[in-house]
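Structure assessment
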Amino acid sequence: MIESSISKYFDVAIIGGGLAGLSLSILLSKAGYKTILFEKEKYPFLKVCGEYISMESWNFIEDLGLNLSELNLPIIKKLIVSSPNGNCISASLDLGGFGISRYFLDNQLKQIAEENGVIICEATKVNEVIFSENNFRIKSPLGESLATVAAAGFGKRSNLDIKWNRDFVKQKNSKLNNYIGVKYHIRTDFPVDTIALHNFKNGYCGISKVEGDQYCLCYLTTAQNLKDNHSSIKEMEQKVLLENPFLKKIFSQSEFVFKEPVTISQISFDEKSQIENHVLMLGDAAGMITPLCGNGMSMAFHSSRLAFKRIDLFLKEEICREEMEQQFEKEWKIQFAKRMRNGRIIQSFFGKEKFTNLFIKTIKPFPFLIQKMIKLTHGKSF
Ligand SMILES: Cc1cc2nc3c(=O)[nH]c(=O)nc-3n(C[C@H](O)[C@H](O)[C@H](O)COP(=O)(O)OP(=O)(O)OC[C@H]3O[C@@H](n4cnc5c(N)ncnc54)[C@H](O)[C@@H]3O)c2cc1C
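This section reports on the structure supplied with the text. Values in this document were obtained by computation on a predicted structure and should not be read as measured data. (Residues numbered from 1 in each chain as written. Predicted model: local features only at pLDDT ≥ 70, side-chain atom pairs only at ≥ 80, totals over all residues. Heavy atoms only, no water.)

1. Comments concerning the overall build of the chain
When its secondary structure is counted, the chain shows 14 helices and 17 strands. Over its C-alpha trace the chain gives a radius of gyration of 21 Å, about what one expects of a compact globule, namely 21 Å for 382 residues. Relative to its full complement of 382 residues, the chain shows a buried share of 57%. In the chain, the proportion of contacts linking residues at least 24 apart, taken out of those at least 6 apart, comes to 71%. (Helix = DSSP H or I, 4+ residues; strand = E, 2+ residues; numbered from the N terminus. Rg over C-alpha atoms; globule rule 2.2 N^0.38 Å. Buried < 20%, exposed > 50% of the residue type's maximum accessible area, 1.4 Å probe, protein only. Contact = heavy atoms within 4.5 Å.)

Next up, the structure:
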């Protein structure tokens, strides 16, 4: 199927089959465009992510064809934040969210994409994308395919970021880049309607329920924190995370489902470009919001919706390529630039041990301030 189709011409080629890439492929195929999507992994697969999705995406995901209402997913309406020394505040979440594992969600969307006629090339890493004579040539181990439009939803950091020498890969290590992410699934005793964000020195760890009987336990910390602990995740957890009494309880009283955690490194929150070599960048590839904001997934979906509108107008010949690119970039900035900036500022409140302790103590009598901070990084339903 894939090999016979690979030599054909596509309206749109999408590199990366996470939430951004898959959702765009579904929108395009439903609109009748011939779409090919490349994903380097084989579905279903595990991914580092806190797996809490802001409610702003609910309707969009249902419109894609996934009936969330039928899945009996945990609906999350409360937030607990603790400081490294165990001081704790709680707040209700106005918008709230729901829990769903990426293993399940990405695979469901992949199936919907296939049912709608998207050609999915899984276990296929794209090595190069070349724009010439108003077309894209997408090079992968399967050969070369041609497309009128190319979109990239290849996530936080990909081989193509390095090949294209994007600005953010050239940045020296700073407080906005060089983070690592670690994720486990656990069985534990924790309220279904709550997400907790437990801070520790140089990082924070989220816990919330997903489908079935499991919880997602996922943390972000600096690469330096790991290095300082002999590059041992176990040692770092014992010596640093478990200083927070809430994390000590969770780590000691839960059943860990994976033998080893899922991990990623070199996470950067630096600014990124939304167009690269005429390719429309989606989701984390266009800019990654700090995970404590809990809406990177919604932004990935929303960016695909914006891209779809412009691609559709271009393929209908209502706007030219330059207009498609400019309008997409402009809309992306209107929707997300402020949220990203706010996310970076809020990130700077967390992580520094003494500062976080003081911050939580000071904000404790004013839980509505937490709600205000959340609003600064979230959008509306789209
Ligand atoms: C520690 C941590 C916790 C987080 N927690 C949350 C949370 O609770 N809630 C939330 O909303 N967001 C959270 N996020 C953010 C969220 O995970 C991302 O914003 C979201 O996954 C972005 O989706 P995406 O489609 O852009 O990228 P991804 O989901 O990363 O998908 C990119 C895909 O591209 C593929 N790929 C890469 N290169 C190539 C190539 N050359 N060829 C083919 N395929 C390629 C990859 O295999 C991958 O599947 C968290 C992030 C981190 C790091």
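2. So, empty space enclosed by the protein
In total, this model carries one cavity of 30 Å³ or more according to the counting rule given. Volume-wise, the largest cavity comes out at about 50 Å³. What lines the largest cavity is simply Gly283, Asp284, Gly287, Met288, Ile289, Gly296, Met299, Ala300, Ser303, Trp332 and Phe336. Looking at the lining of the largest cavity, the elements that each hand over two or more residues are α10 (283–286), α11 (296–315) and α12 (321–349). Take the lining of the largest cavity: its biggest share by element is four residues, from α11. The residue makeup of the lining of the largest cavity, split by class, is six nonpolar, four polar and one charged. (1 Å grid on protein atoms, 1.4 Å probe; cavity = no way out; pocket = protein on both sides within 12 Å on 5 of 7 lines; lining within 4 Å. Points joined across faces, edges and corners; volume = space filled by probe spheres on them. Nonpolar A, V, L, I, M, F, W, Y, C, P; charged D, E, K, R; others polar.)

3. A short note on the packing of aromatic side chains
Enumeration over the complete set of coordinates arrives at 13 aromatic pairs. Both rings, one in Phe190 and one in Tyr215, keep their centres 6.1 Å apart while their planes meet at 90 degrees; by these two values the pair is edge-to-face. With a gap of 25 residues between them, Phe190 in the loop between β10 (179–187) and β11 (194–200) and Tyr215 in strand β13 (residues 215–222) connect regions that are remote in the sequence. As far as burial versus exposure is concerned, Phe190 and Tyr215 are alike and both buried. By way of ring pairs, the aromatic residues Phe60, Phe301 and Phe382 are connected into one cluster. Taking the ring centre of Phe10 as reference, the NZ or CZ of Lys34 above it sits at 5.7 Å. (Phe/Tyr/Trp six-rings, centres within 6.5 Å; stacked < 30°, edge-to-face > 60°. Lys NZ or Arg CZ within 6 Å of the ring centre and 35° of its normal.)

4. Considerations on a nonpolar patch on the surface
Residues Phe366, Phe368 and Leu369 make up a contiguous nonpolar surface patch of about 260 Å² in total accessible area. Within the fold, Leu369 resides in helix α14 (residues 367–377). (Patch = residues over 30% accessible without salt bridge, like charges linked within 9 Å, V, L, I, M, F, W, Y side chains within 5 Å. Areas by Shrake-Rupley, 256 points an atom, 1.4 Å probe, with all protein chains shown as cover. Salt bridge = Lys/Arg side-chain N within 4 Å of Asp/Glu carboxyl O.)

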